[in-house]
Amino acid sequence: MTRDVLRSWLGEAAAVVSPVRCAGCGAADIGVCAACRAAVLPSVRGVQVGGLTVVVALEYGGVVARLLGAVKERGRTDALGVLAGAMGVALRAGVVGCAGVGGVGGVAGVATSVVLVAVPSARAAVRRRGFRPVDELVRRSGSGRPARRGLVLVRDVADQAGLGVEERRANLEGALRASARLAGRRVLIVDDVVTTGATIGEARRALEAVGGEVAGAVCLAYTRRRDGRESTQVTPGRPAGN
Ligand SMILES: [Zn+2]
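Residues numbered from 1 in each chain as written. Predicted model: local features only at pLDDT ≥ 70, side-chain atom pairs only at ≥ 80, totals over all residues. Heavy atoms only, no water.

Caption draft 1: Representation of the coordination of the zinc ion in the model. Note on the zinc ion: its protein donors are Cys 22 (SG), Cys 25 (SG), Cys 33 (SG) and Cys 36 (SG). The metal-donor distances range over 2.3 Å. Here the donor residues for the zinc ion map to a single chain with the spacing C-x2-C-x7-C-x2-C. Relative accessible area serves as the criterion here: at 10%, Cys 33 is assigned to the buried category. (Donors = N, O, S within 2.8 Å, 3.2 Å for Na, K, Ca; no water. Buried < 20%, exposed > 50% of the residue type's maximum accessible area, 1.4 Å probe, protein only.)

Caption draft 2: Spatial organisation of helix 8 (residues 165-172). Where helix 8 is concerned, the buried positions are Arg 168, Asn 171 and Leu 172. The arc that holds the buried residues of helix 8, viewed along the axis, is 85 degrees, so those residues lie on one side. In the segment just after helix 8, Gly 174 is the residue with positive phi, at about 75 degrees. (Helix = DSSP H or I, 4+ residues; strand = E, 2+ residues; numbered from the N terminus. Arc of directions from axis to C-beta.)

Caption draft 3: Representation of unusual backbone geometry in the model. Even without a glycine there, the phi angle at Asp 29 is positive, about 65 degrees. Along the polypeptide, Asp 29 turns up in the loop between helix 1 (3-17) and helix 2 (34-39).

Caption draft 4: Highlighting helix 9 (residues 198-209). Between the first and last C-alpha of helix 9 there are 16 Å, a value that for 12 residues agrees with the 16 Å anticipated at 1.5 Å per step. Residues of helix 9 that are buried include every one of Ala 198, Ile 200, Glu 202, Ala 203, Ala 206 and Leu 207, and no others. Elements in contact with the buried residues of helix 9: strand 2 (52-59), strand 4 (151-153), helix 8, strand 5 (176-178), strand 6 (186-194) and strand 7 (213-222). In the stretch just after helix 9, Gly 211 is the one whose phi turns positive, near 90 degrees. (Expected span 1.5 Å × (residues − 1). Contact = heavy atoms within 4.5 Å.)

Caption draft 5: Just the environment of Asp 29, in detail. Judged by its relative accessible area of 66%, Asp 29 is exposed. Taking the C-alpha atoms as reference, Asp 29 lies 6.3 Å from Pro 19; in sequence the two are 10 residues apart. Beyond its immediate stretch of four places on either side in the chain, Asp 29 contacts Pro 19 and Val 20.

Caption draft 6: The nonpolar core, seen in detail. Of all hydrophobic cores here, the largest spans 42 residues; its most connected members are Val 32, Val 40, Leu 58, Leu 67, Leu 83 and Leu 220. Mapped onto this core, the elements with two or more residues apiece are strand 2, helix 3 (62-74), helix 4 (80-99), strand 3 (115-118), helix 7 (133-139), strand 6 and strand 7. Ranked by residue count, the leading element in this core is helix 4, at 11 residues. Here Leu 83 is in contact with Val 40, Leu 58, Leu 67, Leu 68, Val 71, Leu 137 and Leu 220, once residues within four sequence places are set aside. Ranked by size, the runner-up nonpolar core spans 25 residues in total, among them Val 47, Leu 151, Leu 176 and Val 187. (Core = buried A, V, L, I, M, F, W, Y, C linked by side-chain atoms within 4.5 Å.)

Caption draft 7: Representation of the packing of helix 8 against helix 9. Remark: helix 8 packs on helix 9, axes separated minimally by 9 Å, with the N-to-C direction vectors making an angle of 35 degrees. Handedness of the helix 8/helix 9 crossing: right-handed. From helix 8, Arg 168, Arg 169 and Leu 172 reach across to helix 9, where they touch Ala 198, Thr 199 and Glu 202. Broken down by class, the residue content of the contact of helix 8 with helix 9 amounts to 2 nonpolar, 1 polar and 3 charged. (Axes fitted to C-alpha atoms, helices over the stretch in contact; angles between N-to-C directions. Left-handed = near helix turned anticlockwise from the far one by under 90°. Nonpolar A, V, L, I, M, F, W, Y, C, P; charged D, E, K, R; others polar.)

Caption draft 8: Looking closely at the pairing of strand 7. Most of strand 7 sits out of view: 8 of its 10 residues are buried. In this structure, strand 2 lies alongside strand 7, joined through 5 bridges in parallel fashion. Paired with Val 55 across the two strands is Val 218, which belongs to strand 7. Across 8 bridges, strand 6 lies against strand 7 in parallel orientation. (Pairing = 2+ DSSP bridges.)

Written out as structure tokens, the structure reads:
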């Protein structure tokens, strides 16, 4: 029996003896209630991070933050499906958006050649949860393309929560390494939440260090900054080939 199967079996067994509560609001006897599902309303926009456009679908906070927290802290995979729909909206817009920038062969040509590379979770977190939330969000998004594991963490990093912009950058500097197989490939970086952009920036550095071409990034959600960082509406346009 694999660890994943065992975990899934234990989760189902636990659900029989302990009542399920909504991962977003705690309402009884339901995984994610109708009100919380309705609160996950994707609105695609672009956030500028260090000269890169990050396409996002949701604002981080409230129900969105509680659902994502339930996934990451309590392994609530039932909340993943609700968030994955929004991830799919952002991914489609991101793929079309990067095709619009000097795309040779038209939108469809670039859309098929762009590679999604997920930002990796810390190894301890993967062991604890038994799955990688970003990979799962992409897999369940209906976008029809998997996230590649083209980045690895080469050292431990501190929890980013509570760190300022400069501290986050220093915390992550040199922490990621990209696969040499991404040399010459056009890449979209994929992550769950963008806050200061430190993670995206480090992923970009690592990818460019092996000769990858970073076309942009896609995140499920963005944290509205107190400095009033600009975000712009993104027009998804015609989806390419799907
Ligand atoms: Zn709810």
